[in-house]
Amino acid sequence: MIDRLEKEVDMLERHLQVLRMVIENEPIGIVKMSNETGYPHHKVRYSLRVLEEENLIEPSSQGAITTERTHEFVDELDEKLDETVDKLGSMRIDDAAELEN
């Protein structure tokens, strides 16, 4: 059950790392991102496609670039992550004794 969540978190981490690279190095291409992150080209390409579908980046002849939506997303990101961490924390089963009752 938790395995799927871990995979999703790993994928989100990759998407955000690719987005960070675009923000810091735009325009940037797949090969450079793959070389710098160590992710295979197909995983970088997938992350770019997801980011493009979310209107966070767009392709250019020079490589991926940010959009007007990118900075709004980044501004909201920490708050959304904090909310998610809090929600996950509330799901803890802290005391095994509670299970025995």
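The name recorded for the chain in an unreviewed UniProt entry is Transcriptional regulator, from Halorubrum saccharovorum.

**Regarding the environment of Asp94**
Positionally, Asp94 belongs in the loop between α4 (68-90) and α5 (96-100). C-alpha of Asp94 to C-alpha of Val18: the two residues are 76 residues apart in sequence and 35 Å apart in space.

**Focus: the environment of Leu56**
Residue placement: Leu56 occurs in the loop between α3 (41-53) and β1 (57-60). Classification of Leu56 by relative accessible area gives buried; the value is 4%. With residues up to four places along the chain from it excluded, the contact list for Leu56 reads Leu19, Leu51, Ile65, Thr66, Thr67, Arg69, Thr70 and Phe73.

**A few points about a negative patch on the surface**
Residues Glu52, Glu53, Glu54, Glu58 and Glu68 make up a contiguous surface patch of negative charge. For Glu54, the location among the structural elements is in the loop between α3 and β1.

**Overview of the pairing of β1**
Bridge count between β1 and strand β2 (residues 63-66): four bridges; the pairing is antiparallel. By the bridge assignment for β2, Glu58 is matched with Ile65.

Reading the values: the criteria
Residue numbering note: each chain is counted from 1, following its sequence as written. A pLDDT threshold of at least 70 governs which residues receive local features in this predicted model, and a stricter bar of 80 or more applies before side-chain atom pairs are shown or counted, although totals over entire chains, interfaces and linings include all residues. Water and hydrogen atoms were dropped before computing side-chain values, which therefore reflect all heavy atoms in the structure. Working definition: helices are DSSP H or I runs of at least four residues, strands are E runs of at least two. Numbering for both runs from the N terminus. Here's how the labels work: a residue is buried when its accessible area is under 20% of the maximum for its type, exposed when over 50%, partly exposed in between, all with a 1.4 Å probe on protein chains only. Any two residues whose heavy atoms approach within 4.5 Å are treated as being in contact. Residues enter patches when they are more than 30% accessible in relative terms and free of salt bridges; like-charged ones are connected within 9 Å and nonpolar ones (Val, Leu, Ile, Met, Phe, Trp, Tyr) within 5 Å. All accessibility values rest on the Shrake-Rupley procedure with a 1.4 Å probe; residue burial counts only the protein chains present in the view. When a carboxyl oxygen of Asp or Glu lies within 4 Å of a side-chain nitrogen of Lys or Arg, that pair is called a salt bridge. Charged residues are defined narrowly, with Lys and Arg counted positive, Asp and Glu counted negative, and His plus the chain ends left uncounted. Charge placement uses NZ in Lys and CZ in Arg. For Asp and Glu, CG and CD serve respectively. Any two strands between which DSSP finds at least two bridges are classified as paired.

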